[in-house]
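Inside the fold
Listed below, chain by chain, are the residues.
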Amino acid sequence: NAGVTQTPKFQVLKTGQSMTLQCAQDMNHNSMYWYRQDPGMGLRLIYYSASEGTTDKGEVPNGYNVSRLNKREFSLRLESAAPSQTSVYFCASSGGGGDTQYFGPGTRLTVL
Amino acid sequence: AQSVSQHNHHVILSEAASLELGCNYSYGGTVNLFWYVQYPGQHLQLLLKYFSGDPLVKGIKGFEAEFIKSKFSFNLRKPSVQWSDTAEYFCADSAYSGAGSYQLTFGKGTKLSVIP
């Protein structure tokens, strides 16, 4: 069981470039989430998917899009990266019902 | 909107000292409370959780937390810390957000530094 996996681990972009962060889970979880972590801010929810076929905005969705490709995979896309999107991005999954979320190893993104 | 407050930004302790990290949550009906730990350079891992029942919850690595409903608190404790407990600790509350989905709201985190 790999749990939650994320690719890439590190990425450097120039302002205006686009990229997609990939996330996959092998725990047969219904719900998946994308967070960003910034120093002193804790984790803030960007988007989530309660179940396959649904996505909803979280606290800080501006500048991002998501796709729930299937039950296992949930990707996060930056269409036109900005320096303010420099952060560490974590994907998580849960069985739903407010239960424990399990986190991936994170992607450290720097936008120059 | 749900909110979670952690009182201490950075705590420095010597090995064998006792630890208590404060966490307060805003009222939101049913509570699902969590403590996560993030070791340097790693992802978040669950320490313990409280959904209902015994308000004193025991987690991994000797950690425990007490849910006090009247104070809206869920403080994390450990009787004797070790250098390996150096990490950042996050309190979180899960709340129903409609259409069958739940959202976790995190506190801003407390960095714990344990001096050998």
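Details of the overall build of chain B
Counting its regular elements, chain B contains zero helices and 12 strands. From first element to last, N terminus to C terminus, chain B shows the α and β order β-β-β-β-β-β-β-β-β-β-β-β. A compact globule built from 116 residues would reach a C-alpha radius of gyration of about 13 Å, and chain B, at 14 Å, matches this within 12%. Looking at chain B residue by residue over its 116 residues, the buried ones come to 45%. Of the contacts made within chain B by residues no fewer than 6 positions apart, 54% connect residues no fewer than 24 positions apart. Accessible surface, chain B as shown: approximately 5600 Å² in total, 54% of it carbon and sulfur. For chain B, the centre of its 9 positive side-chain charges and the centre of its 8 negative side-chain charges are spaced 4 Å apart.

Observations regarding the layout of surface pockets
The volume enclosed by the largest pocket comes to roughly 610 Å³. Lining the largest pocket are 29 residues; nearest its centre among them are A:Gln37, A:Arg108, B:Gln38, B:Gly41 and B:Glu88. For the lining of the largest pocket, a count of residues per class yields 10 nonpolar, 13 polar and six charged. Around the second largest pocket sit 17 residues that line it, and A:Glu59, B:Gln2, B:Leu104, B:Thr105 and B:Phe106 are the ones nearest its centre. Of all the secondary-structure elements, those providing two or more residues to the lining of the second largest pocket are strand E5 (42-49) of chain A together with strand E10 (87-98) and strand E11 (101-106) of chain B. Broken down by element, the residue count for the lining of the second largest pocket peaks at four residues, all from E11(B). Tallied by class, the residues present in the lining of the second largest pocket amount to nine nonpolar, five polar and three charged.

Quick word on the nonpolar core
Ranked by size, the top nonpolar core spans 27 residues in total, and within it B:Trp35, B:Leu47, B:Leu48, B:Phe74, B:Leu76 and B:Tyr89 carry the most contacts. By size, the runner-up hydrophobic cluster in this structure holds 20 residues, among which are A:Cys23, A:Ile46, A:Val60 and A:Tyr89.

Focus on the interface of chain B and chain A
Taken together, the contacts link 23 residues of chain B with 20 residues of chain A. The salt bridge involving A:Asp99 is made with B:Lys49; its shortest N-O contact spans 3.2 Å. Joining chain B to chain A, the criterion identifies six residue pairs in polar contact (both at pLDDT 80 or more). Contributing elements (two or more residues each) for the side of chain B that touches chain A: strand E5 (32-38), strand E6 (45-50), E10 and E11 of chain B. Tallying contributions element by element places E11(B) first for the side of chain B that touches chain A, with five residues. In the side of chain B that touches chain A, the residues fall into nine nonpolar, 11 polar and three charged.

A few points about the state of the cysteines
Working definition of a disulfide: a covalent bond connecting the sulfur atoms of two cysteines. As enumerated under the stated definition, the model contains two disulfides over all chains in all. Paired by a disulfide, A:Cys23 and A:Cys91 hold their sulfur atoms 1.9 Å apart. In this structure, the disulfide formed by A:Cys23 and A:Cys91 twists by about -70° around the S-S bond and is classed as left-handed. Of the two residues, A:Cys23 sits in strand E3 (residues 19-25) while A:Cys91 sits in strand E9 (residues 87-94), which places them 68 residues apart along the sequence. Residue A:Cys23 shares its accessibility class with A:Cys91, and that shared class is buried. Across the disulfide from B:Cys23 sits B:Cys91; the S-S distance is 1.9 Å. The chirality of the disulfide connecting B:Cys23 with B:Cys91 is left-handed, given an S-S dihedral of about -65°. You can see B:Cys23 sitting in strand E4 (residues 23-25) and its partner B:Cys91 sitting in strand E10, a full 68 residues away along the chain. The same class applies to B:Cys23 as to B:Cys91, namely buried.

Things to note about the sheet that holds E3(A)
Residues and elements named next belong to chain A. Reading across the sheet, the four strands line up as E1-E3-E8-E7 and stay open at both edges, with antiparallel pairing between neighbours. Single-partner strands in this sheet number two, and they are strand E1 (4-7) and strand E7 (64-68). Ignoring which end each strand starts from, the neighbouring axes of this sheet average 20° apart. Sheet topology places E7 next to strand E8 (residues 74-78); five bridges connect them, and they run antiparallel.

Cut-offs used in this document
- Residues numbered from 1 in each chain as written.
- Chains lettered and ligands numbered in written order.
- Predicted model: local features only at pLDDT ≥ 70, side-chain atom pairs only at ≥ 80, totals over all residues.
- Heavy atoms only, no water.
- Helix = DSSP H or I, 4+ residues; strand = E, 2+ residues; numbered from the N terminus.
- Rg over C-alpha atoms; globule rule 2.2 N^0.38 Å.
- Buried < 20%, exposed > 50% of the residue type's maximum accessible area, 1.4 Å probe, protein only.
- Contact = heavy atoms within 4.5 Å.
- Areas by Shrake-Rupley, 256 points an atom, 1.4 Å probe, with all protein chains shown as cover.
- Lys, Arg positive; Asp, Glu negative; His and termini not counted.
- Charge placed at Lys NZ, Arg CZ, Asp CG, Glu CD.
- 1 Å grid on protein atoms, 1.4 Å probe; cavity = no way out; pocket = protein on both sides within 12 Å on 5 of 7 lines; lining within 4 Å.
- Points joined across faces, edges and corners; volume = space filled by probe spheres on them.
- Nonpolar A, V, L, I, M, F, W, Y, C, P; charged D, E, K, R; others polar.
- Core = buried A, V, L, I, M, F, W, Y, C linked by side-chain atoms within 4.5 Å.
- Salt bridge = Lys/Arg side-chain N within 4 Å of Asp/Glu carboxyl O.
- Polar contact = N/O pair within 3.5 Å; in protein donor to acceptor, adjacent residues only side chain to side chain.
- Disulfide = S-S within 2.5 Å.
- Pairing = 2+ DSSP bridges.
- Axes fitted to C-alpha atoms, helices over the stretch in contact; angles between N-to-C directions.

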